[in-house]
Amino acid sequence: MPAPAVDAMLAEHAELELRLADPAIHADASLARKLGRRYAELGPIVAASRELSTAREDLAAARELAGEDPSFAAEADDLATRIPALETRLAELLVPRDPHDGDDVVMEVKSGEGGEESALFASDLVRMYTRYAERRGWKTEVLDANVSDLGGYKDITLIVRARAPEPDGVWSALKFEGGVHRVQRVPVTESQGRIHTSAAGVLVYPDTGEDADVEIDEKDLRVDVFRSSGHGGQSVNTTDSAVRITHLPSGIVVSCQNERSQLQNRARAMEVLRSRLQAVHEAELAAEAMAERKSQVRTVDRSERIRTYNYPENRIADHRVGYKAHNLSTVLDGDLDDLLTALTTADRAEQLSS
């Protein structure tokens, strides 16, 4: 990226620093959050640019002084070796970022092939993501859940949130989780010890909420209210506080029963609906502009089998990037770092090559 573009980012970072220091900005929580995320996103670029500038200045000074004091020659050689690595690092940081990388995530997990076993596997996936979130210091909140007879999830919607703005936030880590997750194991319902294959679908999209750039006509909505339910479907509320919103043009259905009042559940469901519609809108724009990359890594596509969890071999395999490891038990306990790094590295390499 040309130097003027880097200079523009440095100027933007300085301006954001001043704006965020103004108490009046924080009166608008949504604006403050948006500015904070952009400031955090620019931070690594600013740091790398300053380190590179300092190294170049030091190299020039060391070369000039080497003529008078030979000891500076070794310093000049060391700096000359470091600078290409710093230039590469800055170039990588300047690759256009996913604008949602700092966003929180809405995640939907649904049972698929396999009946009750699929619902139990869906609950295992939810536990895996929840444990991973705990490791990262993130918060998870269940908005709606439909529990099976054996305690699995027929479907569940949850939000994963960072506690503070991060340039590489929840979306940057979990955006590649959308797709069909296949499991091979002996189900608890299997009396003869045979290995079965079943699957669960995962859908992830950025929690843009109030920031979503979509218009929703109230006439396009059907709103149903019902009583919140707990494990096994029993009612846990004596009033119709849970809300289900159907967006008629798209067929998207969003439910929320986590809040105590119908009004709060409706507001939360509308935020999720806006996020979902925003994700659909952005996917349509990308398709229309022929901008969708033929990538090894895909994001929000539940029709594609992306990963297999093989219990007998303690093996996990991601079919998009050829990742395989025999540490399934630790992965299911939330240790996703190596797997997610492999996906991010593959996506980054493709962006750099293009």
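Conventions used here
Residues numbered from 1 in each chain as written. Predicted model: local features only at pLDDT ≥ 70, side-chain atom pairs only at ≥ 80, totals over all residues. Heavy atoms only, no water. Phe/Tyr/Trp six-rings, centres within 6.5 Å; stacked < 30°, edge-to-face > 60°. Helix = DSSP H or I, 4+ residues; strand = E, 2+ residues; numbered from the N terminus. Buried < 20%, exposed > 50% of the residue type's maximum accessible area, 1.4 Å probe, protein only. Lys NZ or Arg CZ within 6 Å of the ring centre and 35° of its normal. Pairing = 2+ DSSP bridges. Axes fitted to C-alpha atoms, helices over the stretch in contact; angles between N-to-C directions. Polar contact = N/O pair within 3.5 Å; in protein donor to acceptor, adjacent residues only side chain to side chain. Core = buried A, V, L, I, M, F, W, Y, C linked by side-chain atoms within 4.5 Å. Contact = heavy atoms within 4.5 Å. Salt bridge = Lys/Arg side-chain N within 4 Å of Asp/Glu carboxyl O. pLDDT = per-residue confidence, 0-100. Parallel < 35°, antiparallel > 145°, perpendicular 65-115°, else oblique. Left-handed = near helix turned anticlockwise from the far one by under 90°. Nonpolar A, V, L, I, M, F, W, Y, C, P; charged D, E, K, R; others polar. Expected span 1.5 Å × (residues − 1).

### Digging into the packing of aromatic side chains
And then number 1: In this structure the tally under the stated criterion is two aromatic pairs.
And then number 2: With a centroid separation of 5.3 Å and 70° between ring planes, the pair formed by phenylalanine 121 and tyrosine 309 is classed as edge-to-face. Here phenylalanine 121, found in helix H4 (residues 116-136), pairs with tyrosine 309, found in strand S9 (residues 305-310); they are 188 residues apart in sequence, far enough to count as distant. In this structure, phenylalanine 121 and tyrosine 309 share a single accessibility class: buried.
And then number 3: Ring centres 5.7 Å apart and planes at 85° place the aromatic pair tyrosine 132 and tryptophan 138 in the edge-to-face group.
And then number 4: Residue classification places tyrosine 132 among the buried residues on the basis of a relative accessible area of 2%.
And then number 5: The positively charged end of arginine 185 is found above the aromatic ring belonging to tyrosine 311, 4.8 Å away from the centroid.

### Some details on the sheet that holds strand S3 (residues 153-161)
And then number 1: The strand order S2-S3-S1-S5-S4-S9-S10-S11 describes an open sheet built from eight strands, whose pairing is mixed. Lying at the two open borders of the sheet, with one neighbouring strand each, are strand S2 (139-147) and strand S11 (323-325). On average, each strand axis in the sheet is tilted by 15° relative to the strand beside it, whichever way the strands run.
And then number 2: Inspection of the sheet shows S2 paired to S3 by eight bridges, in the antiparallel sense.

### Topic: the environment of alanine 269
And then number 1: Structurally, alanine 269 can be placed in helix H6 (residues 262-288).
And then number 2: A relative accessible area of 1% means that alanine 269 is categorised as buried.
And then number 3: In the structure, alanine 269 is positioned 15 residues away from valine 254 in sequence and 6.0 Å away in space, judged by C-alpha atoms.

### Focus: the side chain of serine 275
And then number 1: With respect to the helices and strands, serine 275 occurs in helix H6.
And then number 2: In terms of polar contacts, serine 275 uses its side chain to reach the backbone amide nitrogen of threonine 208, at 3.0 Å.

### Structural notes on the nonpolar core
And then number 1: Formed by 37 residues in total, the largest nonpolar core has its most connected members in Met107, Leu125 and Tyr309.
And then number 2: For this core, the secondary-structure elements that each account for two or more residues are strand S1 (105-111), H4, S3, helix H5 (170-174), strand S5 (196-206), S11, helix H7 (328-332) and helix H8 (337-353).
And then number 3: The residues touching tyrosine 309, leaving out its near neighbours within four places in the chain, are Phe121, Leu125, Met128, His181, Arg182, Val183, Gln184, Arg315, Ile316, Leu328 and Leu332.
And then number 4: Ranked by size, the runner-up nonpolar core spans 20 residues in total, among them Leu16, Ile45, Leu86 and Leu90.

### A closer look at the environment of alanine 61
And then number 1: Among the secondary structure elements, alanine 61 is positioned in helix H2 (residues 29-66).
And then number 2: Sequence-wise, alanine 61 and alanine 76 are 15 residues apart; in three dimensions their C-alpha atoms are separated by 8.4 Å.

### Remarks on the sheet that holds strand S6 (residues 221-226)
And then number 1: Taken together, the three strands give an open sheet; going across it, the order is S6-S7-S8, and neighbouring strands pair in antiparallel fashion. The open sheet has two edge strands, S6 and strand S8 (252-256), and neither has a second partner. Between one strand and the next, the sheet's axes are offset by a mean angle of 15°, whatever the strand orientation.
And then number 2: Summarising the sheet, strand S7 (residues 242-247) and S8 pair through five bridges and their orientation is antiparallel. Residue pairing in the sheet places threonine 246 in a bridge with valine 253 of S8.

### Things to note about the pattern of salt bridges
And then number 1: All told, the structure shown has 27 salt bridges when counted by the stated rule.
And then number 2: Among the salt bridges present, the one from arginine 89 reaches glutamate 51, with a minimum N-O distance of 3.0 Å. Highlighted residues: arginine 89 in helix H3 (residues 71-93) and glutamate 51 in helix H2, separated in sequence by 38 residues.
And then number 3: Salt bridges sharing partners connect three or more residues here, namely Arg127, Arg131, Glu134, Arg135 and Asp333.

### A closer look at the confidence of the model for the chain
And then number 1: On average, the chain scores 86 in pLDDT, and the residues at 70 or more come to 90%.
And then number 2: Throughout residues 231-238 the model reports pLDDT below 50, and contacts reaching past four residues in sequence, or to other chains, amount to 16 contacts.

### Looking at the packing of H2 against H3
And then number 1: One can describe the packing of H2 onto H3 by two numbers: an axis separation of 9 Å at closest approach and a directional angle of 155°. Of the possible angle classes, the one that applies to H2 and H3 is roughly antiparallel. Judged by the twist between their axes, the crossing of H2 over H3 is left-handed.
And then number 2: Considering only residue class, the contact of H2 with H3 consists of 18 nonpolar, one polar and seven charged.

### Here's the deal with unusual backbone geometry
And then number 1: Phi is positive for asparagine 314, which is not a glycine, with a value near 50°.
And then number 2: Mapping asparagine 314 onto the fold places it in the loop between S9 and strand S10 (315-318).
And then number 3: Since its relative accessible area comes to 26%, asparagine 314 is described here as partly exposed.

### Side note on H3
An α-helix turns once per 3.6 residues; consequently, residues spaced three or four apart project the same way.
And then number 1: Between its terminal C-alpha atoms H3 stretches 34 Å, which fits the 33 Å expected from 23 residues at 1.5 Å a residue.
And then number 2: Turning to H3, the residues buried within the fold contact H2.

### Some details on the packing of helix H1 (residues 3-20) against H2
And then number 1: Where H1 meets H2, the axes come as close as 9 Å, and the angle between the chain directions of the two elements is 135°. Comparing the axis directions of H1 and H2 gives the class oblique. Where H1 crosses over H2, the handedness of that crossing is left-handed. Between H1 and H2, the residues in contact are Val6, Met9, Leu10, Glu12, His13, Leu16, Glu17, Arg19 and Leu20 and Leu31, Ala32, Leu35, Gly36, Arg38, Tyr39, Leu42, Gly43, Ile45, Val46 and Ser49, respectively.
And then number 2: Partitioning the contact of H1 with H2 into residue classes produces 12 nonpolar, four polar and four charged.

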